[in-house]
Amino acid sequence: MMARLQRMFRHRWLDDADTRRAIPPPLLEKLAARVADSERRHTGEIRIYVEAGLPMSYLWRDATPRERAISMFGKLGVWDTEQNNGVLIYLLLAEHAIEIVADRGISRHVEPEQWRQIVQRMGSAFRAGHHEQGLTEAVDAVTEVLVRHFPAAAGSSNPNELPDEPVLG
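Reading the values: rules and limits
Residues numbered from 1 in each chain as written. Predicted model: local features only at pLDDT ≥ 70, side-chain atom pairs only at ≥ 80, totals over all residues. Heavy atoms only, no water. Buried < 20%, exposed > 50% of the residue type's maximum accessible area, 1.4 Å probe, protein only. Helix = DSSP H or I, 4+ residues; strand = E, 2+ residues; numbered from the N terminus. Pairing = 2+ DSSP bridges. Core = buried A, V, L, I, M, F, W, Y, C linked by side-chain atoms within 4.5 Å. Contact = heavy atoms within 4.5 Å. Phe/Tyr/Trp six-rings, centres within 6.5 Å; stacked < 30°, edge-to-face > 60°. Lys NZ or Arg CZ within 6 Å of the ring centre and 35° of its normal.

## Quick word on the pairing of strand β1 (residues 45–51)
1) Next: Most of β1 is tucked away: 7 of the 7 residues are buried.
2) Next: The two faces of β1 match: E45, R47, Y49 and E51 on one face and I46, I48 and V50 on the other face are all buried.
3) Next: Bridge analysis of β1 against strand β4 (residues 167–168) gives 2 bridges, and the strand direction is parallel. Paired with Y49 across the two strands is V167, which belongs to β4.

In structure tokens form, the structure reads like this:
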């Protein structure tokens, strides 16, 4: 019971101002540009979602950051791409949690262990408060995976199906 209360307190202690401090407007612009540049090289779509803490409804039912990431994957429409190759990079500040959720098109090609390795590499940067470094590494690693399995063909149409700007929750 005490651990649950401590978790709730940790999530309620952080707010939107903490998210904006971690990911200030200049970094939002850099990340959007990096995602846009990435998406010129492959046909996948990358979304970034960062939030300070879980909503109370998630905390009451002791939901995991993974559950929230999957929910945001759906709410942001990452699943709704032509080739089912969207990827969500999710960061939860209160728990220093990182999740990558990939749609079924890319999941056919990438083992869960490869996603875990990417998350582990990002984790040390996030725990040290180096959000720019961690998110940049995440976008670069996801880009490598998407370029390998869904390269953009020269001269073919490659529409931008989802916004490139990170979302702060």
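## Section: the nonpolar core
1) Next: Core analysis: the largest hydrophobic core is formed by 30 residues, its most contacted members being I89, I106 and W115.
2) Next: For this core, the secondary structure elements donating two or more residues are α3 (25–39), β1, β2 (86–92), β3 (97–102), α7 (112–127) and α8 (131–149).
3) Next: In terms of residue count, the dominant contributor to this core is α8 (7 residues).
4) Next: When neighbours within four sequence positions are excluded, I106 is seen to be in contact with N84, N85, G86, V87, W115, V145, L146, H149 and F150.
5) Next: Membership of the second largest hydrophobic core comes to 17 residues, among which are M72, F73, L76 and V101.

## A word on the packing of aromatic side chains
1) Next: As enumerated under the stated definition, the model contains 2 aromatic pairs in all.
2) Next: A ring pair is formed by F9 and W13, whose centres lie 5.4 Å apart and whose planes are at 40°; its orientation type is tilted. Taken together, the residues span about one helical turn, with F9 and W13 both in helix α1 (residues 2–13) at a distance of 4 residues.
3) Next: Overall, W13 belongs to the exposed group, its relative accessible area being 61%.
4) Next: Ring centres of Y49 and Y90 lie 6.0 Å apart, and the angle between their planes is 5°; on these two criteria the pair is classed as stacked. Taken together, the positions of Y49 in strand β1 and Y90 in strand β2 put the pair 41 residues apart, joining distant regions of the chain. No difference in accessibility class separates Y49 from Y90, as the two residues are buried.
5) Next: It is R61 that lies over the ring of Y58; its NZ or CZ is 4.6 Å from the centre.
6) Next: A cation over a ring is seen here: R68 above Y58, with NZ or CZ 5.0 Å from the ring centre.

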